[in-house]
Amino acid sequence: MRGRVLIIAGSDSGGGAGIQADIKTVTMLDAYAATAITALTAQNTEGVFGVLPIPPDFIRRQIEVVLDDIGADAIKTGMLHEAAVIETIAAVLQKRAPGIPLVVDPVMVAKGGARLIDPDALDALKRLLIARADILTPNLPEAEILCGTTIGNTAQMQAAGETLRGLGCRAVLVKGGHLTGGALSDVLVTAEGTRVWESPRLVTRHTHGTGCTLASAIAAGLAQGLGLESAVKRGRTYVHHAIASAPGLGRGHGPLNHAHPLWATQPVPNR
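Not measured: the values here are computed from a predicted model.

Thresholds applied
Residues numbered from 1 in each chain as written. Predicted model: local features only at pLDDT ≥ 70, side-chain atom pairs only at ≥ 80, totals over all residues. Heavy atoms only, no water. 1 Å grid on protein atoms, 1.4 Å probe; cavity = no way out; pocket = protein on both sides within 12 Å on 5 of 7 lines; lining within 4 Å. Points joined across faces, edges and corners; volume = space filled by probe spheres on them. Nonpolar A, V, L, I, M, F, W, Y, C, P; charged D, E, K, R; others polar. Salt bridge = Lys/Arg side-chain N within 4 Å of Asp/Glu carboxyl O. Helix = DSSP H or I, 4+ residues; strand = E, 2+ residues; numbered from the N terminus. Buried < 20%, exposed > 50% of the residue type's maximum accessible area, 1.4 Å probe, protein only. Arc of directions from axis to C-beta. Contact = heavy atoms within 4.5 Å. Disulfide = S-S within 2.5 Å. Core = buried A, V, L, I, M, F, W, Y, C linked by side-chain atoms within 4.5 Å. Pairing = 2+ DSSP bridges. Patch = residues over 30% accessible without salt bridge, like charges linked within 9 Å, V, L, I, M, F, W, Y side chains within 5 Å. Areas by Shrake-Rupley, 256 points an atom, 1.4 Å probe, with all protein chains shown as cover.

Chemist: Lay out empty space enclosed by the protein with the relevant residues and their values.
Modeler: Following the criterion strictly, the structure yields two cavities of 30 Å³ or more and no others. As a volume, the second largest cavity reaches approximately 30 Å³. Gly78, Leu80, Asp105, Pro106, Val107, Ile117 and Leu125 are the residues that line the second largest cavity. In terms of residue class, the lining of the second largest cavity is made up of five nonpolar, one polar and one charged.

Written out as C-alpha cells, the structure reads:
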C-alpha cells in the first residue's frame, strides 16, 4: 500500500457514493484512505431523504488531527454544502497542507436530483478551493452551473474546461456522461493542451457514485506519484469496470462494484 489520501466529503448511508465510495476506491487502488466527514445523509439508490451537516469546527478538527499524525500525499474534496464549511476547509488546507495535490469534485446535485450545496456557497467554492485545485472534475450539469452556459458536445466541453481553468485551477476534467450517444467522452484541459478520452457507453441504471469514484481514483493516483494523465486514465478504467460489473442493488440508481479488482479474472456479468 502506498499513497495517503485525505478525503473531505459527505457520507452516503447507501454506500454507493460519498465517503463510502471514496474509501472503497482508494483502498482497492492500493492507497490509504483517511477522512473528514462534512455531512451525514439518509440516502439510498432512490434519492436523498435527509442531510445532517457537521459543524465547521469539527470538520476542521478532523482534518487537523489526520494531517498532524498520518499526513497526506493527496487531498480530495466532495460534498461541501455551505460557504462556512468551504471557508473552514480552505483555511486549514492553506495552513496545514499548502503543497499537497488537491482534487476538487464539485458535488452539487445527487444522482436522484437532490441539491447538495447551498447556492451562496458557489462563490466560495470558486474562490477558495477551485482556485487552488490541481484538478477539478465536474460533470456536465456541474460545469454548466460553474460556467453559466449550456454544454452539448466535446467542443463545448473543452471551452468549459478552459473557462474553469481561468478560475485558477491547474487542470479540469469535464466528464461527458450526461451527453447522449454510443460513446462516452471525457475532456481533460491543462496548460499543455487538451486530451479527449472516449470509451463505449454502458447502458445501465447502476451509475450511482461514478463522480466520487473517479475523483478518488485520480487522487489515489496522484498520491502514488502518477502523472495527471496517467491518474485520469487509470481512474477511468477503474470506473468503467466498476460500472460493467455493478452488483444490481436497489430500485433506483444502483451502486458500482468497487471491489472488481479482487475478481478481475472472472467473467463480467451482464447487467
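Chemist: Could you give an account of the pattern of salt bridges, with specific residues and numbers?
Modeler: Counted by the stated rule, this structure contains 12 salt bridges. Here Asp73 and Arg4 are joined by a salt bridge, their closest N and O atoms 2.8 Å apart. Of this pair, Asp73 sits in the loop between α2 (56-69) and β4 (74-77) while Arg4 sits in strand β1 (residues 4-12), and the two are 69 residues apart along the sequence. Between Asp105 and Lys175 there is a salt bridge, and its shortest N-O distance comes to 3.9 Å. In this pair, Asp105 is assigned in the loop between β5 (102-104) and α4 (122-129) and Lys175 in strand β7 (residues 171-175), connecting sequence segments 70 residues apart. Taken individually, Asp105 and Lys175 each receive the classification buried, so the pair is uniform in this respect.

Chemist: Tell me what's going on with helix α5 (residues 140-147), and back it up with residues and numbers.
Modeler: All buried positions along α5 are accounted for by Leu140, Glu142, Ala143 and Leu146. With its buried residues spanning 160° around the axis, α5 presents them on a single face. For α5, the elements touching its buried residues are α4, β6 (135-136), α6 (154-165) and β7. Looking one or two places after α5, you find Gly148, whose phi comes out positive at around 70°.

Chemist: An account of the side chain of Gln62 is needed here, citing residue identities and associated values.
Modeler: Within the secondary structure, Gln62 sits in helix α2. If sequence neighbours within four positions are ignored, Gln62 has contacts with Thr35, Ala36, Ile37 and Ile54.

Chemist: Which residues make up the environment of Ala124, and what are the values?
Modeler: The residue Ala124 is located in helix α4 in this model. Counting along the chain gives 62 residues from Ala124 to Asp186, while the straight-line C-alpha distance between them is 26 Å. Aside from chain neighbours lying at most four places away, what touches Ala124 is Ala83, Ile86 and Leu129.

Chemist: So what about the environment of Ala21? Which residues, and what values?
Modeler: Position of Ala21 relative to the elements: it lies in helix α1 (residues 18-28). Considered as a pair, Ala21 and Ser11 are 10 residues apart in the sequence and their alpha carbons are 9.1 Å apart. Not counting the four nearest positions on each side in its chain, Ala21 is found in contact with Gly15, Gly16, Cys212, Thr213 and His258.

Chemist: Account for the state of the cysteines, with residues named and values stated.
Modeler: Every disulfide links exactly two cysteines, by a covalent bond between their sulfur atoms. Across all of its chains, the model carries zero disulfides by this definition. Lacking any disulfide linkage, Cys147 is separated from the closest cysteine sulfur, that of Cys169, by 9.9 Å. Cys212 takes part in no disulfide bond, and the closest cysteine sulfur to it belongs to Cys169, at a distance of 19 Å.

Chemist: Can you explain the nonpolar core? Please cite residues and give values.
Modeler: In this structure, Ile63, Leu93 and Leu129 are the most contacted members of the largest nonpolar core, which totals 46 residues. Broken down by element, the residue count for this core peaks at seven residues, all from helix α3 (residues 83-96). Other than its neighbours up to four places away in sequence, Leu129 contacts Leu80, Ile86, Ile89, Ala90, Leu93, Leu102, Val104 and Ala124. Listed in part, the 30 residues of the second largest apolar core include Val26, Ala215, Ala219 and Val232.

Chemist: Tell me about the pairing of β1, residues and numbers included.
Modeler: For β1, the tally of buried residues reaches eight of nine residues, placing the bulk of the element in the interior. As paired elements, β1 and β4 share four bridges and run parallel to each other. Residue pairing across strands places Ile7 opposite Lys76, the latter belonging to β4.

Chemist: Give me the lowdown on unusual backbone geometry, citing residues and values where you can.
Modeler: At Asp30, a residue that is not glycine, the phi angle is positive and equals roughly 70°. Among the secondary structure elements, Asp30 is positioned in the loop between α1 and β2 (32-44).

Chemist: Help me get a handle on a nonpolar patch on the surface, residues and values and all.
Modeler: Together, Met1, Tyr32 and Ile70 make up an exposed nonpolar region whose accessible area comes to about 300 Å². Classification of Tyr32 as partly exposed rests on a relative accessible area of 36%.

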